[in-house]
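Structural overview for review
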Amino acid sequence: MDLILWRHAEAEEGPEGDLSASSDLARALTSRGEKQAFRMASWLDRQLPDGARIMVSPARRCEQTAQALGRKYKVRTELAPGATPAQLLELVQWPLSKSPTLVIGHQPTLGQTIAQLLGLQETDCPVKKGSVWWLRSRERDDHRQTVVVTVQSPEVL
């Protein structure tokens, strides 16, 4: 299975002192974030197979990042800020799904998921805004492994 984790691009800061969930979900991409999203989407569109599933957090900034790709996607509340790696992995059916799956979401969930799948000593892996981590599950010598296919940042594309 291929699991592609895309952190939303740069977003506006929330209103000073407003820590409400609805305010956080409403945050939009900055103009820089829009450029990051389009750069990464252009690269991803050339790499993703036509049948790839795309699942997106309900946060506005994640939907805007997904819209840059120009493909159909499903908004999934399981990917909202504060989601756990277990929720993400259950949603995408890792590692058993036959379809490549793109998830557009948030830190620290994406970084925690990467750390878990790669067996890192740290419990969190930094993921830069707008960046993509492409992971693949494979079986080698009767052992399941997770390999990193690529890591891309919009600044280098």
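Just so we're clear, the structure is a prediction, and the values are computed from it rather than from any experiment. Numbering of residues starts from 1 in each chain and follows the order in which that chain's sequence is written. Selection of residues for local features in this predicted model requires a pLDDT of at least 70, selection of side-chain atom pairs for listing and counting requires 80 or more, and totals for whole chains, interfaces and linings are taken over all residues. Think of the side-chain values as coming from all heavy atoms in the structure, minus any hydrogens and water.

1. A look at the overall build of the protein
When helices and strands are counted, the protein shows 5 helices and 6 strands. Element order for the protein, N to C, with α for helix and β for strand: β-α-α-β-α-β-α-β-α-β-β. Its C-alpha atoms give the protein a radius of gyration of 15 Å, near enough to 15 Å, the size a compact globule of 157 residues would have. Projected onto its principal axes, the C-alpha positions of the protein cover 55 × 30 × 25 Å. Only protein chains enter the accessibility calculation, which uses a 1.4 Å probe; a residue is then buried when its area is under 20% of its type maximum, exposed when over 50%, and partly exposed in between. When each of the 157 residues of the protein is scored for burial, the buried share is 48%. In the protein, the share of contacts with a sequence separation of at least 24, taken over all contacts with a separation of at least 6, comes to 63%. When the accessible surface of the protein is split by element, carbon and sulfur atoms take 47% of a total near 8,300 Å². Helix and strand assignments follow DSSP, with helices taken as H or I runs no shorter than four residues and strands as E runs no shorter than two, numbered in order from the N terminus. Here the globule rule reads 2.2 Å times residues to the power 0.38, and the radius of gyration is calculated from C-alpha atoms. Residue contacts follow a heavy-atom distance rule, with two residues in contact if any of their heavy atoms lie within 4.5 Å. Methods summary: accessible areas were calculated by the Shrake-Rupley approach with a probe of 1.4 Å, and residue burial reflects only the protein chains presented.

2. Let's talk about the environment of Ala-52
Residue position: Ala-52 is located in the loop between α2 (31–47) and β2 (53–56). Between the alpha carbons of Ala-52 and Lys-98 there is a distance of 9.7 Å; along the sequence they are 46 residues apart.

3. Re unusual backbone geometry
Backbone phi values are negative for most residues with the exception of glycine, while trans is the configuration of most peptide bonds. In this structure, the amide linkage connecting Trp-94 to the following residue, Pro-95, adopts the cis form with an omega of -5°. Examined against the element boundaries, Pro-95 turns out to sit in the loop between α4 (85–92) and β4 (101–105). Look at the link from Gln-107 to Pro-108: it is a cis peptide, with omega at 5°. Its location among the elements puts Pro-108 in the loop between β4 and α5 (109–118).

4. Here we look at the packing of aromatic side chains
Working definition: an aromatic ring pair is given by the centre-to-centre distance plus the angle between the planes. Between 30 and 60 degrees the pair is tilted, below 30 it is stacked and above 60 it is edge-to-face, where a pair is any two Phe, Tyr or Trp rings, Trp via its six-membered ring, whose centres lie within 6.5 Å. One pass over the structure, following the stated rule, counts 1 aromatic pair. Geometrically, the ring pair formed by Trp-43 and Trp-134 is edge-to-face, given 6.4 Å between the ring centres and 85° between the ring planes. Taken together, the residues Trp-43 in helix α2 and Trp-134 in strand β5 (residues 132–140) connect sequence positions 91 residues apart. The buried category is assigned to Trp-43, whose relative accessible area is 12%. Judged by its relative accessible area of 6%, Trp-134 is buried.

5. Overview of the nonpolar core
The definition of a nonpolar core used throughout is a set of buried Ala, Val, Leu, Ile, Met, Phe, Trp, Tyr and Cys residues joined through side-chain atoms within 4.5 Å. Trp-6, Leu-44, Leu-48, Leu-69, Leu-102 and Ile-104 are the most contacted members of the largest nonpolar core, which totals 22 residues. Not counting residues up to four positions away in its chain, the partners in contact with Leu-102 are Ile-4, Trp-6, Leu-44, Leu-48, Arg-53, Ile-54, Met-55 and Leu-69. Judged by nonpolar contacts, the second largest core, of 19 residues, contains Leu-3, Met-55, Leu-88 and Leu-89.

6. Regarding helix α3 (residues 60–69)
Here α3 lies mainly inside the structure; 7 of its 10 residues are buried. On the buried face of α3, the contacting elements are β1 (2–7), α1 (21–25), α2, β2 and β4. A positive backbone phi angle near 75° is found at Gly-70, which sits one or two residues after α3.

7. Details of the sheet that holds β1
Two strands qualify as a pair provided that DSSP identifies no fewer than 2 bridges between them. Strand order across the open sheet formed by 6 strands is β3-β2-β4-β1-β5-β6, with mixed pairing between neighbours. Unpaired on one side and paired on the other, β3 (74–75) and β6 (143–152) mark the two borders of the sheet. Here 5 bridges tie β1 to β5, and the two strands are oriented antiparallel to one another. Note on β5: the bridge partner recorded for Leu-3 is Leu-135. Its contacts with the sheet place α5 against β1, β4, β5 and β6, and it is angled at close to 150° to β1. Axis angles are defined between N-to-C directions and span 0 to 180 degrees, where every axis is a line fitted to C-alpha atoms and, for a helix, only to the segment in contact.

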